Amino acid sequence: MSKFPLHFKVSAEATEGTTNTWTCLADNLKPIDMAIPVEFKGPGKAYSPEDLFGLAVLNCIIAVYKDICEKNSLNFKKIEGKANVKMDKSAGDSQVILTHIEINFNVKGAADKEKARELLERAIKICPVSNSIKSGKTCHITID
């Protein structure tokens, strides 16, 4: 069992200018390139904070699902996930916010399809990253 609280350290380093990319990393992992997205008149061609948001939610649910499946002896061949992060202006003050994330999951080759769906629904419900966001969230599940 893990000893709580857990800590995850990340860092980033950037120079001035909206067209300059920068790097970030977690612990001692390989750095990843970051950029302001073209939608905000940045250069694109690298991960944006919005990309990382979507990836964090998507991959946390997948990680929780893998763990739950292992603990419940459910075998599956593959889980595929895709997320669409929506950003809009808030009604009151026109502040730009992340308003919704729509996630599609497809579990392939599950030994027990009903159990695969039930465990994925549980993973979605208990995912700590997903539960920490205030934007809306919709999940669609396909079990092949």
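Structure: above.
Residues numbered from 1 in each chain as written. Predicted model: local features only at pLDDT ≥ 70, side-chain atom pairs only at ≥ 80, totals over all residues. Heavy atoms only, no water.

Regarding the pattern of salt bridges
Stage number 1. This structure, assessed with the given rule, holds 4 salt bridges.
Stage number 2. The salt bridge partner of aspartate 67 is lysine 71, with a shortest N-O separation of 3.0 Å. Here lysine 71 and aspartate 67 lie together in helix α1 (residues 49-71), a separation of 4 residues that amounts to about one turn.
Stage number 3. Two residues, lysine 108 and glutamate 80, come together in a salt bridge whose shortest N-O distance is 3.9 Å. (Salt bridge = Lys/Arg side-chain N within 4 Å of Asp/Glu carboxyl O. Helix = DSSP H or I, 4+ residues; strand = E, 2+ residues; numbered from the N terminus.)

Topic: the nonpolar core
Stage number 1. The biggest cluster of nonpolar side chains holds 25 residues, and the ones touching the most others in it are Ile61, Tyr65, Phe105, Val107 and Leu120.
Stage number 2. Elements with a minimum of two residues in this core: α1, β5 (96-108), α2 (113-126) and β6 (136-143).
Stage number 3. Among the elements that make up this core, the one with the highest residue count is α1 (10 residues).
Stage number 4. For tyrosine 65, the residues in contact, after removing those within four places along its chain, are Leu74, Phe76, Ile79, Val107, Ala116, Leu119, Leu120 and Ala123. (Core = buried A, V, L, I, M, F, W, Y, C linked by side-chain atoms within 4.5 Å. Buried < 20%, exposed > 50% of the residue type's maximum accessible area, 1.4 Å probe, protein only. Contact = heavy atoms within 4.5 Å.)

Comments concerning α2
Stage number 1. Under the 1.5 Å per step criterion, the end-to-end length of α2 is 20 Å for 14 residues, consistent within 8% with the ideal 20 Å.
Stage number 2. Turning to α2, the residues buried within the fold contact α1, β4 (78-89), β5, α3 (128-131) and β6.
Stage number 3. Regarding α2, its N-cap is aspartate 112, as a side-chain oxygen of that residue lies 3.2 Å from the backbone nitrogen of glutamate 114 further along. (Expected span 1.5 Å × (residues − 1). Polar contact = N/O pair within 3.5 Å; in protein donor to acceptor, adjacent residues only side chain to side chain.)

Structural notes on the sheet that holds β4
In any sheet, the strands associate via hydrogen bonds between backbone groups, in a parallel or an antiparallel arrangement.
Stage number 1. Spatial ordering of the open sheet is given by β4-β5-β6, a layout of 3 strands whose pairing is mixed. Only two strands of the sheet have a single neighbouring strand rather than two, namely β4 and β6. Ignoring strand direction, the axes of neighbouring strands in this sheet form an average angle of 15°.
Stage number 2. Alignment of β5 against β6, held across 8 bridges, turns out to be parallel. Bridge pairing links valine 107 to isoleucine 143 in β6.
Stage number 3. Across the sheet, α1 is in contact with β4 and β5; its angle to β5 comes to roughly 35°. (Pairing = 2+ DSSP bridges. Axes fitted to C-alpha atoms, helices over the stretch in contact; angles between N-to-C directions.)

With respect to the packing of aromatic side chains
Stage number 1. One pass over the structure, following the stated rule, counts 1 aromatic pair.
Stage number 2. Where tyrosine 65 meets phenylalanine 76, the ring centres are 5.3 Å apart and the plane angle is 40°; that geometry is what we call tilted. Taken as a pair, tyrosine 65 in helix α1 and phenylalanine 76 in the loop between α1 and β4 lie far apart in primary sequence, 11 residues in all.
Stage number 3. What makes tyrosine 65 buried here is its relative accessible area of 0%.
Stage number 4. Take phenylalanine 76: its relative accessible area is 24%, and that puts it in the partly exposed class. (Phe/Tyr/Trp six-rings, centres within 6.5 Å; stacked < 30°, edge-to-face > 60°.)

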